[in-house]
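Coordinate analysis (summary)
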Amino acid sequence: QVQVVESGGGLVQPGGSLRLSCVTSGSIFSFVVMGWYRQAPGKQREFVAVITRGGSTNYADSVKGRFTISRDNAKNTVYLQMNSLKPEDTAVYYCNADLGPAGGPGRTSWGQGTQVTVSS
């Protein structure tokens, strides 16, 4: 079973920064795509950012230019650097690891989430 654990959330002021970490139980290169999603109360989980095995990245329009997804293979970790945070960024942030078609029915794994709160 693939284990995915997020950390780094907390309370920050508007305009502040946080760096979230997602540690996997194996090499991050086992995954075709890894990404960050978030869910605010009363809303569906939404896409934030992804990074592919080949290093390509993509971002939601709402975070483009403010957030950066990156990886450290030696640490089996994917990061989400969040700058210029806004109150609307407040949500539980989840890490997703996708093994791709070779992973079968259980190809995707989710962490338990880490809370990010942006307020004065």
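Refer to the structure presented above.
Model, not experiment: these values are computed from the prediction.

Section: the nonpolar core
General note: in soluble globular proteins, nonpolar side chains tend to be found buried as a group. Residues Met34, Trp36, Leu80, Met82 and Tyr93 are the most contacted members of the largest nonpolar core, which totals 28 residues. Contributions of two or more residues to this core are made by strand 3 (18-24), strand 4 (33-39), strand 5 (46-52), strand 7 (67-72), strand 8 (77-82), strand 9 (91-98) and strand 11 (114-118). Considering every element that reaches this core, the biggest residue donor is strand 9, with four residues.

Brief notes about the packing of aromatic side chains
Scanning all chains against the criterion turns up two aromatic pairs. When the centroid spacing of 6.0 Å and the interplanar angle of 70 degrees are considered together, the rings of Tyr37 and Phe47 count as edge-to-face. Note that Tyr37 is positioned in strand 4 and Phe47 in strand 5, a separation of 10 residues in sequence. Ring plane angle 65 degrees and centroid distance 5.1 Å describe the contact between Tyr37 and Trp110, whose orientation is recorded as edge-to-face.

Some words on the pattern of salt bridges
This model, assessed by the stated rule, comprises four salt bridges. With a closest N to O distance of 2.8 Å, Glu46 and Arg38 form a salt bridge. Classification of Arg38 by relative accessible area gives buried; the value is 5%. Salt-bridge contacts for Asp89 lead to Arg66; the nearest nitrogen and oxygen are separated by 2.7 Å. Of the two residues, Asp89 is situated in the loop between strand 8 and strand 9 and Arg66 in the loop between strand 6 (57-59) and strand 7; the sequence distance between them amounts to 23 residues.

Points about the sheet that holds strand 7
Overall, antiparallel pairing links the four strands, which are arranged 1-3-8-7 in an open sheet. Edge positions in the sheet fall to strand 1 (4-7) and strand 7, since each of these pairs with one other strand and no more. Averaged over all neighbouring strand pairs, the angle between strand axes comes to 15 degrees, with direction disregarded. By the bridge criterion, six bridges tie strand 7 to strand 8 in an arrangement that is antiparallel. Across the sheet, the residue bridging to Phe67 is Met82, located in strand 8.

So, how was this worked out
- Residues numbered from 1 in each chain as written.
- Predicted model: local features only at pLDDT ≥ 70, side-chain atom pairs only at ≥ 80, totals over all residues.
- Heavy atoms only, no water.
- Core = buried A, V, L, I, M, F, W, Y, C linked by side-chain atoms within 4.5 Å.
- Buried < 20%, exposed > 50% of the residue type's maximum accessible area, 1.4 Å probe, protein only.
- Helix = DSSP H or I, 4+ residues; strand = E, 2+ residues; numbered from the N terminus.
- Phe/Tyr/Trp six-rings, centres within 6.5 Å; stacked < 30°, edge-to-face > 60°.
- Salt bridge = Lys/Arg side-chain N within 4 Å of Asp/Glu carboxyl O.
- Pairing = 2+ DSSP bridges.
- Axes fitted to C-alpha atoms, helices over the stretch in contact; angles between N-to-C directions.

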